Amino acid sequence: MEIREADVKKGQNIEGFVERTDFPNKGIVSCEEGVCIVKNALPGQKIRAVVNKARNGRYEGRLLEVLTPSPLETESPCPHFGSCGGCAWLSFPYEESLKIKEDQVRRLLAPVLSGQEETCLFETAKASPAIFGYRNKMEFTFGDEVKDGPLSLGMHRRGSFYDIVSVTDCQIVDEDYRKILRCSVAYFRELQEKGLDISFYHRLRHTGYLRHLVVRKAVKTGEILVALSTTTQTPKRAAQETEAMMSEQARENDIEREILDGFSKKLLELPLAGEIAGILHVKNDSAADVVQSDGTEVLYGRDYFYEELLGLRFKISLFSFFQTNSLGAELLYRMAREFITEYISSEAATEGGAAGDKIVYDLYSGTGTIAQLVAPVAKKVIGVEIVEEAVWAARKNVELNGLHNCEFIAGDVLKVLDEIIEKPDVIILDPPRDGVHPKALKKIIGYGVEHILYISCKASSLARDLETFLANGYRAQRCVPIDQFPWTTGVETVVMLSHKKPDSVINVKVEFGEGEGKVPLDNIAKRAAAYKPKERVTYKMIKEYIEAKYGFKVHTAYIAEVKREFGLPMYDAPNAVEELKQPRKHPTAEKAEAIKDALKHFEVI
């Protein structure tokens, strides 16, 4: 059917069948008016929607009603399904939802992968080892389910930024989470009933106290970390005669201390299957609806817990990045380790070297999980992560696991790549949802490494980045979706990239010696020696020389500054030509002289 924009108007109701659901939750609806994209519509349903966008022949609508369920649908095991914005596929059998995710990834990557000559081995999607109670972290939000209704604690309502659904029976967490949620909301409602002005944070008015409740629980150790996130707008109560003599600040401090102590006491009284390792109070005055810390206080225990994956032990803090599905993470990391080990070993065999002599970059390394898993087959693993707390945890984790060939650097990948002297043989990428920054992607490709392992949590970002890789000589060899987030729209995808080999090889036969058609040997050795390039002097060599001779260390930036003073080329500092966001730090006279001495020693000057 020919579609004209005049056929459909904004605000018009349409009815149709959902042919499929494209990533992540875009229902493709076929109706009399043409094709319309409706979020949260499931394959096989007949639905009614209202058109909210009609432009250039493209229509988007908002789901109003499911007129006929899909033949695949069954009764959802969660009473909050449909109102809560968390899960999308709970009314489908798990196997069907897994097929849909695999199909979505295939559809996104097919146009990109069709551009390479070699066929990519696209494997069947891997199921999560656990499909219920699998999450090891949940961020619940305080609010109300109806305007001016009682205090609620849960997830955002589907399609809303403000309304909350109290998810007291959520099925993707275990019973300990549900007990902690019920206990928390009951405690703060009780305080309200006693006359305490303790409201949730209103995002539009920027007033209120209660913001979020974060719960993290280790699957293997059973340790639990609970964090209450609030603003600094301390709750108030009617002044009593005994309080009249106190300053307002003293009264507020006393009230907050009483609230927090009571909260901790209630949690510690709960009969839980796991054990509470720590209870935290996080202050957060951000205008955005995010969980962040403007200051954290430990109310009980410690500010971290331990989890175990594939025989390694990990120390995890509140804000450390860690896969939210511990058992699924084991599957994901086992596969990543298998990919890396296979290609490092095959490359070593081809080159006649050892498997353990490779430098591996683990970019966007989080708490260093992947880095530690591939460390046994590498000479050294260098992890880069922008969250300083995660880097701190990664360093503690390598000590905990007795690994001595892992280094972790805190900073933005885009900038840190300019500072690392040791060049990689293999690169692992596990970027955030938006993928790799285009400028960082250019630098990564510039290394020209044989193998890159890309782990993506957003298939559309992966498709965009793969297009750049393939345009620069790489090819996707293996690809496998892994379901880390059962029942939701999320899916992880692991891709192994290898640098494309030359299309053809020209063999030239040369004979050395005296006689016709032969290349004379006279003076070849002398000429070769004369034109032999000097050994590349690296920052590491300079730093080691200075530390051995002078007994102190110098920063890479100081070496670059002295080299800049002499007008030397900045091969190991591509950022030398970039506009600086802050003034350079200059070395002391003593360190500058030591650097000059090292440059003379290595015959650079």
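Our structure is the block above this text.
Residues numbered from 1 in each chain as written. Predicted model: local features only at pLDDT ≥ 70, side-chain atom pairs only at ≥ 80, totals over all residues. Heavy atoms only, no water.

This paragraph deals with the sheet that holds strand β5 (residues 58–68). What the five strands build is a closed barrel, ordered β1-β2-β3-β5-β4; its pairing is mixed. Going from strand to strand, the sheet's axes swing by 50 degrees on average, the running direction of each strand aside. (Pairing = 2+ DSSP bridges. Helix = DSSP H or I, 4+ residues; strand = E, 2+ residues; numbered from the N terminus. Axes fitted to C-alpha atoms, helices over the stretch in contact; angles between N-to-C directions.)

Turning to empty space enclosed by the protein, a few remarks are in order. Within the structure shown, the criterion is met by two cavities of 30 Å³ or more. The calculated volume of the largest cavity comes to roughly 50 Å³. When the residues that make up the lining of the largest cavity are grouped by side-chain class, the tally is five nonpolar, four polar and two charged. Of the volumes computed, that of the second largest cavity is approximately 40 Å³. (1 Å grid on protein atoms, 1.4 Å probe; cavity = no way out; pocket = protein on both sides within 12 Å on 5 of 7 lines; lining within 4 Å. Points joined across faces, edges and corners; volume = space filled by probe spheres on them. Nonpolar A, V, L, I, M, F, W, Y, C, P; charged D, E, K, R; others polar.)

A contiguous nonpolar surface patch, about 390 Å² in accessible area, is contributed by F161, Y162 and L204. Mapped onto the elements, L204 comes out in the loop between α2 (175–193) and β10 (210–217). (Patch = residues over 30% accessible without salt bridge, like charges linked within 9 Å, V, L, I, M, F, W, Y side chains within 5 Å. Areas by Shrake-Rupley, 256 points an atom, 1.4 Å probe, with all protein chains shown as cover. Salt bridge = Lys/Arg side-chain N within 4 Å of Asp/Glu carboxyl O.)

On to the pattern of salt bridges, then. Enumeration according to the criterion identifies 30 salt bridges in this entry. Notably, a salt bridge pairs D174 with K217, separated by 2.8 Å at the nearest N-O pair. A residue pair is termed long-range when its members are at least 10 positions apart, and D174 in the loop between β9 (164–165) and α2 and K217 in strand β10 qualify at 43 residues. With relative accessibility at 23%, the residue D174 sits in the partly exposed group. On the basis of relative accessible area, K217 is assigned to the buried category, the value being 11%. Its salt-bridge partner being E190, residue K194 comes within 3.4 Å of it at the nearest N-O pair. Here E190 falls in the partly exposed class, since its relative accessible area comes to 31%. Through salt bridges with shared partners, one network takes in E123, E338, E342 and R478. (Buried < 20%, exposed > 50% of the residue type's maximum accessible area, 1.4 Å probe, protein only.)

Here we come to the nonpolar core. Counting residues in hydrophobic clusters, the biggest one holds 53 residues, and the most contacted among them are F142, F188, L213 and F263. Taken together, the elements giving at least two residues each to this core come down to α1 (94–113), β7 (137–144), β8 (151–156), α2, β10, β11 (223–230), α4 (248–268) and β12 (275–283). If one sorts the elements of this core by residue count, α2 sits on top with eight residues. With residues near it in sequence (within four places) discarded, L213 still touches M138, E139, F140, F142, L153, I180, L181, S184, V226, A227 and F263. (Core = buried A, V, L, I, M, F, W, Y, C linked by side-chain atoms within 4.5 Å. Contact = heavy atoms within 4.5 Å.)

A sheet is described by the order of its strands in space; here eight strands give the open sequence β6-β21-β22-β20-β19-β16-β17-β18, paired in mixed fashion. Bordering the open sheet on either side are β6 (121–122) and β18 (406–410), each of which pairs with just one other strand. Examined bridge by bridge, strand β19 (residues 426–429) and strand β20 (residues 451–456) share four bridges and lie parallel to one another. Bridged to L429 within β20 is Y454. The strands touched by helix α10 (residues 459–471) within the sheet are β19, β20, β21 (474–482) and β22 (492–499), with β20 carrying the most contacts at an inclination of about 160 degrees.

Let us look at the packing of aromatic side chains. Tallied over the entire structure, the rule returns 14 aromatic pairs. With a centroid separation of 5.0 Å and 70 degrees between ring planes, the pair formed by Y187 and F188 is classed as edge-to-face. Taken individually, Y187 and F188 each receive the classification buried, so the pair is uniform in this respect. On the basis of an interplanar angle of 85 degrees and a centroid distance of 5.5 Å, the ring pair of Y361 and Y447 is categorised as edge-to-face. Pair noted here: Y361 is in strand β16 (residues 359–363) and Y447 is in the loop between α9 (438–446) and β20, with a separation of 86 residues, a long-range link. For Y361, a relative accessible area of 0% translates into the label buried. Put simply, the rings of F142, Y187, F188 and F263 touch in pairs and so form one group of aromatic residues. Against the face of F81 rests R158, its NZ or CZ located 5.8 Å from the ring centre. Of note, R211 hangs over the ring of Y201, and the distance from its end group to the ring centre comes to 4.1 Å. (Phe/Tyr/Trp six-rings, centres within 6.5 Å; stacked < 30°, edge-to-face > 60°. Lys NZ or Arg CZ within 6 Å of the ring centre and 35° of its normal.)

Glancing now at the packing of α9 against α10. Contact pair α9 / α10: the axes reach a minimum separation of 11 Å and the direction vectors enclose 40 degrees. The element α9 and its partner α10 pack so that their crossing is right-handed. Between α9 and α10, the residues in contact are L441, I444 and I445 and D465, T468 and F469, respectively. Of the residues assigned to the contact of α9 with α10, the class counts are four nonpolar, one polar and one charged. (Left-handed = near helix turned anticlockwise from the far one by under 90°.)

A surface patch of like charges, here positive, comprises K10, K26, K39, K53, R55 and R58. Relative to the elements of secondary structure, K26 occurs in strand β2 (residues 26–31). For K26, a relative accessible area of 35% puts it in the partly exposed group. (Lys, Arg positive; Asp, Glu negative; His and termini not counted. Charge placed at Lys NZ, Arg CZ, Asp CG, Glu CD.)

Moving on: the side chain of S229. Among the secondary structure elements, S229 is positioned in strand β11. Note on S229: relative accessible area 2%, which makes it buried. In this structure, S229 is in contact with Y209, L210, R211, H212, V282 and N284, ignoring residues within four places of it in sequence.

With that settled, the discussion passes to α9. Every buried residue of α9 is accounted for by A440, L441, I444 and I445. The buried residues of α9 occupy an angular sector of 140 degrees when projected down its axis, which confines them to one face. Facing away from the buried side of α9, by more than 90 degrees, are the exposed residues K439, K442 and G446. The secondary structure elements touched by the buried residues of α9 are β16, α8 (413–416), β19, β20, α10 and β21. Phi turns positive one or two residues past the end of α9, at G448, with a value near 65 degrees. (Arc of directions from axis to C-beta.)

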